[in-house]
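Letter by letter, the chains look like this.
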Amino acid sequence: MSDLPPFTNSLSPVCPGLFYGVTAADGLLLRIRIPGGQLRREQGRGLVALAEHLGVETLQITNRANIQLRGLKEIPRPEVLERLQALGLAAQNPAVDVLRNVMVSPLAGCDPAELVNFAPWLRELEFFWANHPGLAQLPAKFSIGLDGGGLCSIGQRSATVAEHRYNEIQLTALAVDPEIAPGLETGIYLHLMFGIEKKLIPTGVLVSPEQGLPLIKSLIWAYLDYCQAPDRPPKVRLREIMADWGLETFLNQARRYLDFPLTRHPKIPSLPTHPGQQHLGIHPQAEPEQVYIGIGLPQGQLTKDQLRGLVGLASEFGSGDLRLTPWHSVLIVNTPSLQIPAVIEQLSQFNLSPFPENPQGIVACAGKPGCAAAQTPTQADAQVLGGYLESLSLTTPVNIHLTACPKACAQPSPAEITLLGIGPDIYRLYLGDLRDDQAPVMAQQPLAELLPLIAATLGPKSGPAHSSRL
Ligand code: SF4
């Protein structure tokens, strides 16, 4: 066990972490990175114990499938942090803890359409961070995404745009034949993309699955080379490297660390899309007679009793593991299909269900009182809005993004409707995403007065209540 540095408390707008708290208006905010959103049974129990110890009633799954605890009145004691390290919920070296922010398809290893199972890579990357303390110089927002090509994907393959997620370095698995990439044999390859400014930029670089990890490491060294050059500002982002070096220079720098060529292919096929919402409801897995069960959580919030119940259910009816998704839901995997009725019955005891009666896609940032920059109480308003939408009996999900300032940090992808907090309890309603210059502004009013206008806008989506049962 490493000696822990003193826990620090920051008032500055740093990315929240575990070994340093960020002070929000409602108390201290901690964020625990869960690589790939994969939460083992003992880790789930550890989180319940942590919440109890800290007097926290509700945990929140973030839009990167991490866990957030807020409103803490005191900092965690060193022995608490050491316990989290022992459970694998924190890095042994606190300086690289933020790098555990790796996103993989939540169904990795169980997805019936998956081409590559990236779950084993999480452990490899954990060793990599641990053995290279110099990587602490990477920015806290440095991110890696691994899309195995299955039905429940990260990246931009979901037909539901609100589910798109961007990572600075992303590998996506796809099937390739020689017509597409002359010189390559038919097979599964990984396509390198860079997430810059809310877009995934294809590079045309294809590598074999065995070459994927060395490629990622080479890109990280190239990134670090740029950061460490004289006169660089601290915590450079990939977009700045691209603006300065350009793609070819960055790739050339990465090539210095590789013993295989990096070839760019001009004709990469478009990636297959999937229907979206695959993380909700009950679906077959790759293994016969096994299903996964996706449970939606409004605003990603779950009480510690619900988490305790989910861990117990996953242990009794599944592999014991939970998968946290970046879309405000949690999956119980490896459940025998014969057990479905029992799981549904027990979920209802915790007020949870895999069948949302009314599909909604409401996303809200921390808002007031959690964030000092906030104009409006977005979390509370999201509940009001959710209740109102329930009364409309929506037939298809609608994505509404409530953001309490223009930073819009809760939803990286374009929203169908945006409510931007612009003054005490006043929202500006956009028909579209606030970052889209063309999105019309419909009104500026308190939420209660905007609700009828939202209902009128949603007209065609309303109808008989919908249930996405298997
Ligand atoms: S979007 Fe919300 S959480 Fe993010 S900085 Fe603005 S007010 Fe704070």
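Everything numeric in this text was worked out from a predicted model, so none of it was measured. (Residues numbered from 1 in each chain as written. Predicted model: local features only at pLDDT ≥ 70, side-chain atom pairs only at ≥ 80, totals over all residues. Heavy atoms only, no water.)

### Structural notes on the overall build of the protein chain
And step 1. Per the secondary structure count, the protein chain includes 10 helices and 21 strands.
And step 2. Its C-alpha atoms give the protein chain principal-axis dimensions of about 60 × 55 × 50 Å.
And step 3. Looking at the protein chain residue by residue over its 470 residues, the buried ones come to 54%.
And step 4. For the protein chain, the accessible surface area stands at approximately 19,500 Å², while carbon and sulfur atoms represent 55% of it.
And step 5. Computing the positive centroid from 35 side-chain charges and the negative centroid from 42, the protein chain places the two 4 Å apart. (Helix = DSSP H or I, 4+ residues; strand = E, 2+ residues; numbered from the N terminus. Buried < 20%, exposed > 50% of the residue type's maximum accessible area, 1.4 Å probe, protein only. Areas by Shrake-Rupley, 256 points an atom, 1.4 Å probe, with all protein chains shown as cover. Lys, Arg positive; Asp, Glu negative; His and termini not counted. Charge placed at Lys NZ, Arg CZ, Asp CG, Glu CD.)

### Quick notes on the site of the ligand
And step 1. As a matter of local geometry, the ligand sits amid Cys 365, Ala 366, Cys 371, Ala 374, Thr 403, Ala 404, Cys 405, Lys 407, Ala 408 and Cys 409.
And step 2. Tallied by class, residues from the shell around the ligand come to eight nonpolar, one polar and one charged. (Near = heavy atom within 4 Å. Nonpolar A, V, L, I, M, F, W, Y, C, P; charged D, E, K, R; others polar.)

### Re the domain arrangement of the protein chain
And step 1. The domains assigned to the protein chain are domain 1 (281-349) and domain 2 (361-461).
And step 2. Look at where the C-alpha atoms of domain 1 and domain 2 centre, and you get two points 29 Å apart. (Domains from an automatic or database assignment.)

### Here's the deal with the pattern of salt bridges
Pairing is possible between side chains of opposite charge, provided their charged atoms come close.
And step 1. What the rule picks out here adds up to 14 salt bridges.
And step 2. Among the salt bridges present, the one from Arg 239 reaches Glu 197, with a minimum N-O distance of 3.9 Å. One end of the pair, Arg 239, is in helix α5 (residues 238-245); the other, Glu 197, is in the loop between β10 (187-196) and β11 (199-207), with 42 residues separating them in the sequence.
And step 3. The salt bridge involving Asp 433 is made with Arg 435; its shortest N-O contact spans 2.8 Å.
And step 4. Since its relative accessible area comes to 7%, Asp 433 is described here as buried. (Salt bridge = Lys/Arg side-chain N within 4 Å of Asp/Glu carboxyl O.)

### Section: helix α3 (residues 119-131)
And step 1. Regarding α3, the residues found buried are Ala 119, Trp 121, Leu 122, Leu 125, Phe 128 and Trp 129. For α3, the buried positions fall inside an angular range of 140° around the axis, keeping them on one side. In α3, those exposed residues whose orientation departs by more than 90 degrees from the buried face are Arg 123 and Asn 131.
And step 2. Residues of α3 that are buried sit in contact with β4 (38-39), β7 (102-104), β8 (144-147), β9 (169-176), β10 and α4 (209-228). (Arc of directions from axis to C-beta. Contact = heavy atoms within 4.5 Å.)

### Observations regarding the pairing of strand β6 (residues 67-72)
And step 1. Two strands pair when backbone bridges link them, and strand β3 (residues 27-32) and β6 are joined in this way by four bridges, in the antiparallel orientation. Looking across to β6, one finds that Leu 28 is bridged to Leu 72.
And step 2. Across two bridges, the pairing between strand β5 (residues 58-61) and β6 is antiparallel. From the neighbouring strand, Gln 60 faces β6, where its bridge partner is Gln 68.
And step 3. Taken together, β5 and the strand that follows it, β6, pair antiparallel across an intervening segment of five residues, in which Ala 65 is found at a positive phi of about 65°. (Pairing = 2+ DSSP bridges.)

### Re the side chain of Gln 306
And step 1. The residue Gln 306 is located in helix α7 (residues 304-317) in this model.
And step 2. For Gln 306, a relative accessible area of 14% gives the class buried.

### Considerations on the sheet that holds β9
And step 1. The sheet built from five strands is open, its strands ordered β7-β8-β9-β10-β11 with mixed pairing. Each edge of the open sheet is held by one strand with a lone partner, namely β7 and β11. Recorded for the sheet is a direction-independent mean angle of 25° between the axes of neighbouring strands.
And step 2. The pairing of β7 with β8 spans three bridges and is classified as parallel. Note that in β8 the partner of Val 102 across the bridge is Ile 144.
And step 3. Along the sheet, α4 contacts β8, β9, β10 and β11; its crossing angle with β10, the most-contacted strand, is approximately 20°. (Axes fitted to C-alpha atoms, helices over the stretch in contact; angles between N-to-C directions.)

### Things to note about helix α8 (residues 340-349)
And step 1. Those residues of α8 that sit buried are Ile 340, Val 343 and Leu 347. Down the axis of α8, the sector holding all buried residues measures 60°, keeping them to one side. Away from its buried face by more than 90 degrees, α8 exposes Pro 341 and Gln 349.
And step 2. Elements that come into contact with the buried residues of α8 comprise β12 (281-284), β13 (290-296), α7 and β16 (329-336).
And step 3. One or two residues past the end of α8 sits Asn 351, with phi positive at roughly 60°.

### What about the nonpolar core?
And step 1. Grouped together as the largest cluster of nonpolar side chains are 48 residues, with contacts concentrated most on Trp 129 and Phe 194.
And step 2. For this core, the element with the most residues is α4, which contributes 10 residues.
And step 3. In terms of nonpolar packing, the next biggest core, distinct from the first, is built from 46 residues, Leu 18, Ile 67, Leu 84 and Ile 293 among them. (Core = buried A, V, L, I, M, F, W, Y, C linked by side-chain atoms within 4.5 Å.)

### Considerations on the packing of aromatic side chains
And step 1. Counted under the stated rule, the structure contains seven aromatic pairs.
And step 2. With 5.8 Å between their ring centres and 50° between their planes, Phe 128 and Trp 129 make a pair best called tilted.
And step 3. For Phe 128, a relative accessible area of 5% corresponds to the buried category.
And step 4. Owing to a relative accessible area of 2%, Trp 129 belongs among the buried residues under this scheme.
And step 5. Aromatic side chains Trp 245 and Phe 250 sit 6.4 Å apart centroid to centroid with 40° between the ring planes, which places their arrangement in the tilted category.
And step 6. A residue is classified by how much of its surface remains accessible, and Trp 245, at 21% relative accessible area, is partly exposed.
And step 7. We classify Phe 250 as buried; its relative accessible area is 0%.
And step 8. Among the aromatic residues, ring-to-ring pairing joins Phe 194, Tyr 226, Trp 245 and Phe 250 into one connected group.
And step 9. Cation over ring: Arg 232 sits above Tyr 226, and NZ or CZ is 3.6 Å from the ring centre. (Phe/Tyr/Trp six-rings, centres within 6.5 Å; stacked < 30°, edge-to-face > 60°. Lys NZ or Arg CZ within 6 Å of the ring centre and 35° of its normal.)

### Some details on the side chain of His 328
And step 1. Here His 328 lies in the loop between β15 (322-324) and β16.
And step 2. According to the relative accessible area criterion, His 328 is buried, its value standing at 14%.
And step 3. His 328 has contacts with Ile 61, Ile 295, Gly 296, Leu 297, Gln 299, Gly 300, Ile 362 and Val 363, leaving out every residue within four places of it along the chain.

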